[in-house]
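One letter stands for each residue in the lines below.
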Amino acid sequence: MAGTRITNLQKAVRPLPQQLTVAPPVSVQLRTKTSSSPGERLSQSKSMVLQDSDLHQKPISRHRRNQSQHGIAGAGAMGTSSQVELQGEYLNKAKISDGGKKHRKNWTSTWVVLDADQLTFYKESKQEALANLKPGCKPDGVALCGALIDWTTEKSSRRNVLQITTHTGSEYLLQADCYTTICKWYDAIKKTVNSLSNGSGGLRPGKTGLRRSASTESIPRHSSLPAYGSASPSTKQRSMVYRRSINMFTSSKLKHSTSDSADKSGVKNRLKKFIIRRPSMKTLQEKGIIKDRVFGCHLLTLCEREGTTVPSFVKLCLETVERRGLTVDGIYRVSGNLSTVQKLRFMVDQEEELDLDASQWEDIHVVTGALKMFFRELPEPLFPFRFFELFVEAIKTKDRRQKVQAVKKLIQQLPKPNLDTMKLLFGHLQRVLACSTKNLMSSQGVSIVFGPTLMWPEMDCGNMAFNMLYQNQIVEFILMESRDIFDLGM
């Protein structure tokens, strides 16, 4: 009886097999990666257990705009070294050579944009430049395929300068005052150049979909791409082609530099032959090709050539001033137009027929300016070098009569051209002072003008202001006592 109850109770409690619900076992998948090379890093280990839901990832967008602007986990999630696109920034740019031909370095601030395979330069921002771009015009750009990039301190004195050399031999400099900014551009350009040099250029849309970069500078951290492994033979072949192109480019630069040195040697040889074969100065003067100068010629040599004791140009200027310039305000103190004075000097040196009453010499200050230039450009001044200290000692004499005799004795010792020219000049300046009420020129004003013009020491080793003081005093004293010193009549 008791056994029957127990049996019935077990039947009541035991669930029917059809009603029993058993949870399915959890599906577990071990994702592993077999390293194909000793240095390659594993992204997941066997201890990582993933649910089925984790296996479903967000589909990779194949649209280029989605990758660059919206940050979809296409290239970034798969860890490939895709090209970096910088939206643009103002940098300082200079083009120093074009195909091996050097250019003058001119720095300009330009809007730089890093695109897929080139740097593009705009005067304004990219949007403004494209809006204002004329039909058929293209912005300036640098192709990065086969280019070389490196820091440089030799091509510019500026800091933070990087140099880009294209495969055609053109060279560009980029610079920014901020070191962080220029480093960002260096890294981005370097990454793009390396991607292009390996032939893949990162994840880019092509005819067969997305292509994988084989750059060795960025090692992928994930292995979700199928058949991921080392660089393919075709990639190695492309790398060999790139290295050959670099070698060819380097050899062409060496050949170019060799040809430049050869050209320079040829120019030097031709110049040397020309200098050796050129005729002497005497021969050119005999043929009349080169004429003897008036300005800058020694006074004694000029007078011997002209057969006189006073240069003809000095006589002509003094006569012109006395004829139409004695009453001009500030005569000898006011400067004439320098270009016109130089033109007059050129005509005198070329021994052209000179008429100082012509309309082009209407300004009397041009004539006086040319006369003062003549005396300033003498190799030895009108007061010879060896007499400078003697005149300084004579002017220090306290007694007036003794001072006059000392100065007169020194002047009589001067060479004949110096003596006669000085006598004619100081006589003319006496007539200028006679009209001082009209031309407003005093003896002190005339001495300030002619002091440093007529005398200066051979070696200016003393105080310049000290020498100028004595120069003015000597000229003023001779000017005031010229009748006694030169025996001039009233």
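As annotated in an unreviewed UniProt entry, the chain carries the name Rho GTPase-activating protein 15 and comes from Gadus morhua.

Points about the overall build of the chain
Along the chain, the regular secondary structure elements total 19 helices and 12 strands. A total of 490 residues make up the chain; the buried ones form 37% of that total. A separation threshold of at least 6 residues defines the contact pool for the chain, and within that pool the share at least 24 residues apart is 62%. For the chain, the exposed surface amounts to about 30600 Å²; the carbon and sulfur share of it is 53%.

Section: the side chain of Asp-420
Within the secondary structure layout, Asp-420 lies in helix H15 (residues 416–434). On the basis of relative accessible area, Asp-420 is assigned to the buried category, the value being 17%. Excluding anything up to four places from it in sequence, Asp-420 contacts Thr-309 and Val-310.

So, the pairing of strand S6 (residues 118–122)
In terms of burial, S6 is largely enclosed, as four of its five residues are buried. What sits between strand S5 (residues 108–114) and S6 in their antiparallel hairpin is a turn of three residues. Direction of pairing for S6 relative to strand S7 (residues 140–143): antiparallel, over a ladder of four bridges. Among the inter-strand pairings, Gln-118 is bridged to a residue of S7, identified as Ala-143.

Details of unusual backbone geometry
Of note, Asn-160 is a non-glycine position whose phi angle comes to about 60 degrees, a positive value. Along the polypeptide, Asn-160 turns up in the loop between strand S8 (148–151) and strand S9 (161–165). Even without a glycine there, the phi angle at Leu-440 is positive, about 55 degrees. Tracing the backbone through its elements, the reader meets Leu-440 in the loop between helix H16 (436–439) and helix H17 (443–454).

As for the packing of helix H13 (residues 388–395) against helix H14 (residues 400–412)
What describes two packed helices is the angle between their axes and the distance between those same axes. Put simply, H13 and H14 touch, their axes get as near as 9 Å, and they point 165 degrees apart. Relative to H14, H13 is oriented roughly antiparallel. The hand of the H13/H14 crossing is left-handed. The segment H13 lies against H14, with Leu-390, Phe-391, Ala-394 and Ile-395 engaging Lys-403, Ala-406, Val-407, Leu-410 and Ile-411. Broken down by class, the residue content of the contact of H13 with H14 amounts to eight nonpolar, no polar and one charged.

A look at the confidence of the model for the chain
Here the chain averages 74 in pLDDT, and 64% of its residues register 70 or above. Of all the helices and strands in the chain, strand S12 (residues 209–210) carries the lowest mean pLDDT, 34, while helix H12 (residues 364–376) carries the highest, 96. Contacts from residues 15–84, a stretch scored under 50 in pLDDT, to residues over four places away or in other chains number 91 contacts.

Details of helix H18 (residues 464–480)
Compared with an ideal rise of 1.5 Å per residue, which puts 17 residues at 24 Å, H18 spans 24 Å between its outermost C-alpha atoms and is within 8% of the ideal. If you check which residues of H18 are buried, you get Asn-467, Tyr-470, Gln-471, Asn-472, Ile-474, Val-475, Phe-477, Ile-478 and Leu-479. Buried positions along H18 lie against H13, H14, H15, H17 and helix H19 (482–486).

A closer look at the packing of aromatic side chains
Under the definition given, this model contains 12 aromatic pairs. Note on Phe-426 and Phe-486: the rings are 5.8 Å apart at their centroids and 25 degrees apart in plane angle, and the pair reads as stacked. One end of the pair, Phe-426, is in helix H15; the other, Phe-486, is in helix H19, with 60 residues separating them in the sequence. Residue class for Phe-426 comes out buried when judged on its relative accessible area of 0%. The buried category is assigned to Phe-486, whose relative accessible area is 6%. An aromatic cluster of three or more residues is present, and its members are Phe-295, Phe-313, Phe-374 and Phe-375. The positively charged end of Lys-403 is found above the aromatic ring belonging to Phe-477, 5.2 Å away from the centroid.

Some remarks on the environment of Tyr-90
Relative to the helices and strands, Tyr-90 resides in strand S3 (residues 86–98). A relative accessible area of 45% means that Tyr-90 is categorised as partly exposed.

Some thoughts on the pattern of salt bridges
Evaluation of the coordinates by the stated rule reveals 13 salt bridges. The partner of Glu-89 in a salt bridge is Lys-184, and the shortest N-O contact between them spans 3.0 Å. Of this pair, Glu-89 sits in strand S3 while Lys-184 is found in helix H6 (residues 179–197), placing the two residues 95 residues apart along the sequence. Owing to a relative accessible area of 22%, Glu-89 belongs among the partly exposed residues under this scheme.

Here's the deal with the state of the cysteines
Within this structure, the stated rule accounts for zero disulfides. The thiol sulfur of Cys-178 is not disulfide-bonded, and the nearest other cysteine sulfur, from Cys-183, lies at 8.7 Å. Judged by its relative accessible area of 38%, Cys-178 falls in the partly exposed class. No disulfide involves Cys-303; its nearest neighbouring cysteine sulfur is the one of Cys-297, lying 8.9 Å away.

Re the environment of Val-334
Turning to its location among the elements, Val-334 is positioned in the loop between helix H10 (312–324) and helix H11 (338–349). Since its relative accessible area comes to 29%, Val-334 is described here as partly exposed. Separated by 34 residues in the primary sequence, Val-334 and Thr-368 have C-alpha atoms spaced 8.8 Å apart. The residues contacting Val-334, other than those within four sequence positions of it, are Asp-329, His-365, Thr-368 and Lys-372.

Focus: the environment of Pro-311
Here Pro-311 shows up in the loop between helix H9 (299–306) and H10. Judged by relative accessible area, Pro-311 falls into the buried class, the value being 0%. Taking the C-alpha atoms as reference points, Pro-311 and Val-294, separated by 17 residues in sequence, lie 8.8 Å from one another. Beyond its immediate chain neighbours, meaning those up to four positions away, Pro-311 contacts Leu-299, Leu-302, Cys-303, Glu-306, Phe-374 and Thr-421.

Some remarks on the side chain of Glu-481
Structurally, Glu-481 can be placed in the loop between H18 and H19. Judged by its relative accessible area of 12%, Glu-481 falls in the buried class.

Parameters at a glance
Residues numbered from 1 in each chain as written. Predicted model: local features only at pLDDT ≥ 70, side-chain atom pairs only at ≥ 80, totals over all residues. Heavy atoms only, no water. Helix = DSSP H or I, 4+ residues; strand = E, 2+ residues; numbered from the N terminus. Buried < 20%, exposed > 50% of the residue type's maximum accessible area, 1.4 Å probe, protein only. Contact = heavy atoms within 4.5 Å. Areas by Shrake-Rupley, 256 points an atom, 1.4 Å probe, with all protein chains shown as cover. Pairing = 2+ DSSP bridges. Axes fitted to C-alpha atoms, helices over the stretch in contact; angles between N-to-C directions. Parallel < 35°, antiparallel > 145°, perpendicular 65-115°, else oblique. Left-handed = near helix turned anticlockwise from the far one by under 90°. Nonpolar A, V, L, I, M, F, W, Y, C, P; charged D, E, K, R; others polar. pLDDT = per-residue confidence, 0-100. Expected span 1.5 Å × (residues − 1). Phe/Tyr/Trp six-rings, centres within 6.5 Å; stacked < 30°, edge-to-face > 60°. Lys NZ or Arg CZ within 6 Å of the ring centre and 35° of its normal. Salt bridge = Lys/Arg side-chain N within 4 Å of Asp/Glu carboxyl O. Disulfide = S-S within 2.5 Å.

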